[in-house]
Amino acid sequence: MPLTIYNSLSRTKEQFTPVKSGVVSLYVCGMTVYSDTHIGHARTYVAFDVIRRYLEYKGHNVTYVQNITDVDDKIIAAANQQGVDPLVYSQRFTLRCLEDLDALGVRRADLYPKASEAIPDMVTMIQQIIQNGYGYVADGDVYFSVEAFPAYGRLSGQNITEMKTGARIEPGEQKHNPLDFALWKKAKPGEPTWPSPWSQGRPGWHIECSTMSSKLLGAPFDIHGGGMDLRFPHHENEIAQAEAATGKPFANYWMHIGLLTINGEKMSKSLGNIINVKDILGTWDAEVLRMFFASAHYRSPPDFSDKALTDIKKGLDRLYRLKERLEQHAAPTPEHKLNASTLNTNENQYLTAITLFQNEFEAAMDDDFNTPKAFACLFDFVNTSNKFFDQQHQGHPALCRHALDTYLKIGDVLTLFQPKATCSSSDQGDVIPALQKILQSCGQTPKATTVDELLNALLAVREDARKHKDWKTADHIRKHLEELGFEIQDTASGPVWRNK
RNA sequence: GGGCGGGUAACAAAGUGGCUAUGUGGCGGACUGCAGAUCCGCCUACCUGGGUUCAAAUCCCAGCCCGCCCUCCA
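Residues numbered from 1 in each chain as written. Chains lettered and ligands numbered in written order. Predicted model: local features only at pLDDT ≥ 70, side-chain atom pairs only at ≥ 80, totals over all residues. Heavy atoms only, no water.

A. Structural view of the domain arrangement of chain A. By domain assignment, chain A separates into domain 1 (4-134 + 205-294), domain 2 (317-413) and domain 3 (428-499). Placing a centre on the C-alpha atoms of domain 1 and another on those of domain 3 gives a separation of 49 Å. (Domains from an automatic or database assignment.)

Here is the structure:
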């Protein structure tokens, strides 16, 4: 089935055809590294992580490039305030920001080109722009002449004459036209500088993306993405610069991610409601956050709230319960060949349901990465699977293996079922004495020393109590185990525990 | 003012010219010692007014309301 992508450039869904069959080049505007990664960044990069994973799922070889803006006004200001060299400062935050995304469980891009390392390429591109008649020099600064580029405004649906109203030339700027933007800025004192034919200075913000994307991915490349806020002026300017310099189309598909709000409000410094990834990971599990971002359609603005995260967490628990249920029944390795003729009616229906699940998931994702629908497919599969097990308690190892593999593969595209980034052993250390204490409170001498053994011992005591209708002891054990984060379920085939 | 995107049940959120979205929550039932899990049923869905159509929440027109961008922003 063909993948369709909503292209911001045409404002329609288009069938996706990469420049080179089987290979996809993806460029996403990355972070300006002057502060920690916040949940708005996380929203965008989880969205692209899913997009990248699905492209790979479809069999494409994806090259994912995400730039690092490490030359910028805000970095210079912050570094100067702390008396640190701006490049040292940005280097520090580059690491911190990438580590934040690691902790969130976002897969790394293939390449993270830095603006500071591509200055000569930018100078070359600016020279080309000037040579081709789209740029001009004014007292050591270089500007892009918007009027020279008739396609300007195509991406954002703006037209130049309308935009002129209201636009202003700041004092000290030598622009010919208020809409013109800087390609190169002559240095002011206290700024990092690089040589250029025009002045010691530094590049304008937009040029780094034009330069690094086309250098690394070619012209044109397949998909260029970023937050919705970058559509204008950043992406509009990127197109103008790159096409003015190379004379070739820049990027074929433009994808813009809906911006996160917090409790219905825009996230901003003035509102003081910026939440850093580092901080929120203390409250919410990385996987809950990823599912929250992944389950919102990428073009919609999700609203971050306690209620929303709580709802997601409960849904995620439901997904995990099925995973565990499948694991209990599945053959350890997928080598068993499934022979449909050996399956009973119930099993055959389930086999069909697995195929249907996969087909519907793909249909959803092929339709412009419709993740809300993909999650609906996942939950439908949970329901179907639970019904299967309710009807057939013994399962079927090879069939369940197949179901589990399919479930995990699809979950993986949606960033689910990933190994936990951190498994603090200190918690484990606290749990053991606590479990021993519960055993003692039931008049038992704890011999076991591992969590597993202790839990089994406790459940055995509890089962014994239940047999004698000693509900007080049974409830006492269950209550204390739940306080320690163990969920106890009495099932037809005996008690089962799982981590909450 | 210009541009972009929305208004769907208690909340969140997909979607389709006629066929159960889904998740969370609430109510009832099955199962349970109880709880949980699981299953089943239910909880006045589609902003307003016109139009097209055998049929529209879905297409068209008008209106009302909301968000975002136009300044740095993922």
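There is more to say, and it comes next.
B. Fine view of the protein's contact with RNA strand B. In the vicinity of RNA strand B lie 50 residues, with Lys-74, Trp-205, Leu-230, Asp-311 and Arg-478 positioned nearest. Take the atoms of RNA strand B that sit within 4 Å of the protein: sugar and phosphate atoms are 70% of them. One of the side-chain N or O atoms of Lys-74 is found 2.2 Å from a sugar or linking oxygen in RNA strand B. Contact between RNA strand B and Ser-300: a phosphate oxygen at 2.7 Å from a side-chain N or O atom of the residue. Counted by class, the surface near RNA strand B contains 13 nonpolar, 17 polar and 20 charged residues. (Near = heavy atom within 4 Å. Polar contact = N/O pair within 3.5 Å; in protein donor to acceptor, adjacent residues only side chain to side chain. Nonpolar A, V, L, I, M, F, W, Y, C, P; charged D, E, K, R; others polar.)

C. Spatial organisation of unusual backbone geometry. Backbone torsion omega between Ala-219 and Pro-220 reads -5°, so that peptide bond is classified as cis. Within the element layout of this structure, Pro-220 appears in the loop between α6 (207-217) and β9 (221-227). Of note, the bond from Phe-232 into Pro-233 is cis; its omega dihedral lies within 30 degrees of zero at 0°. (Helix = DSSP H or I, 4+ residues; strand = E, 2+ residues; numbered from the N terminus.)

D. Quick peek at the pairing of strand β15 (residues 494-499). By the bridge criterion, six bridges tie strand β14 (residues 486-491) to β15 in an arrangement that is antiparallel. Among the inter-strand pairings, Phe-486 is bridged to a residue of β15, identified as Asn-499. Between the end of β14 and the start of β15, which pair antiparallel, lie two residues. (Pairing = 2+ DSSP bridges.)

E. Quick peek at the packing of helix α2 (residues 73-82) against helix α3 (residues 86-104). For the pair α2 and α3, the least separation of the axes is 9 Å and the interaxial angle reads 105°. Considered as vectors, α2 and α3 are oriented roughly perpendicular to each other. The residues of α3 that touch α2, namely those facing Ile-75, Ile-76, Ala-78, Ala-79, Asn-80 and Gln-82, are Pro-86, Tyr-89, Ser-90 and Arg-92. For the contact of α2 with α3, the class distribution of residues is six nonpolar, three polar and one charged. (Axes fitted to C-alpha atoms, helices over the stretch in contact; angles between N-to-C directions. Parallel < 35°, antiparallel > 145°, perpendicular 65-115°, else oblique. Contact = heavy atoms within 4.5 Å.)

F. Quick look at the layout of surface pockets. Empty space within the second largest pocket amounts to approximately 960 Å³. Along the walls of the second largest pocket sit 33 residues, with Tyr-34, His-38, His-41, Asp-229 and Leu-230 positioned nearest its centre. Counting residues per element, the ones that place at least two in the lining of the second largest pocket are α1 (39-57) and β9. With five residues, the single largest contributor to the lining of the second largest pocket is α1. Per-class residue counts for the lining of the second largest pocket are 11 nonpolar, 15 polar and seven charged. (1 Å grid on protein atoms, 1.4 Å probe; cavity = no way out; pocket = protein on both sides within 12 Å on 5 of 7 lines; lining within 4 Å. Points joined across faces, edges and corners; volume = space filled by probe spheres on them.)

G. Seen up close, the environment of Arg-462. By secondary structure assignment, the location of Arg-462 is in helix α15 (residues 451-467). Overall, Arg-462 belongs to the buried group, its relative accessible area being 1%. C-alpha separation for the pair Arg-462 and Thr-473, spaced 11 residues apart in sequence, amounts to 6.9 Å. Setting aside anything within four residues of it in sequence, one finds Arg-462 in contact with Ala-474, Ile-477, Arg-478, Ile-488 and Asp-490. (Buried < 20%, exposed > 50% of the residue type's maximum accessible area, 1.4 Å probe, protein only.)

H. View of helix α4 (residues 119-131). In this model α4 runs 18 Å from its N-terminal to its C-terminal C-alpha over 13 residues, within 8% of the 18 Å that 1.5 Å per residue would give. Listing the buried residues of α4 in full gives Ile-119, Met-122, Val-123, Met-125, Ile-126 and Ile-129. Buried positions in α4, seen along its axis, are confined to an arc of 165° and lie on one side of it. Of the exposed residues in α4, the ones pointing more than 90 degrees away from its buried face are Pro-120 and Gln-131. Next to the buried residues of α4 lie β5 (135-138), β6 (141-144), β7 (181-186), β8 (201-203), α6 and α7 (231-246). Following α4 by one or two positions, Gly-133 has its phi on the positive side, about 90°. (Expected span 1.5 Å × (residues − 1). Arc of directions from axis to C-beta.)

I. Local environment of the sheet that holds strand β13 (residues 303-304). As summarised here, the arrangement of the three strands in space is β12-β11-β13, forming an open sheet in which the pairing is mixed. In this open sheet, the two edge strands, each paired with only one partner strand, are β12 (265-266) and β13.

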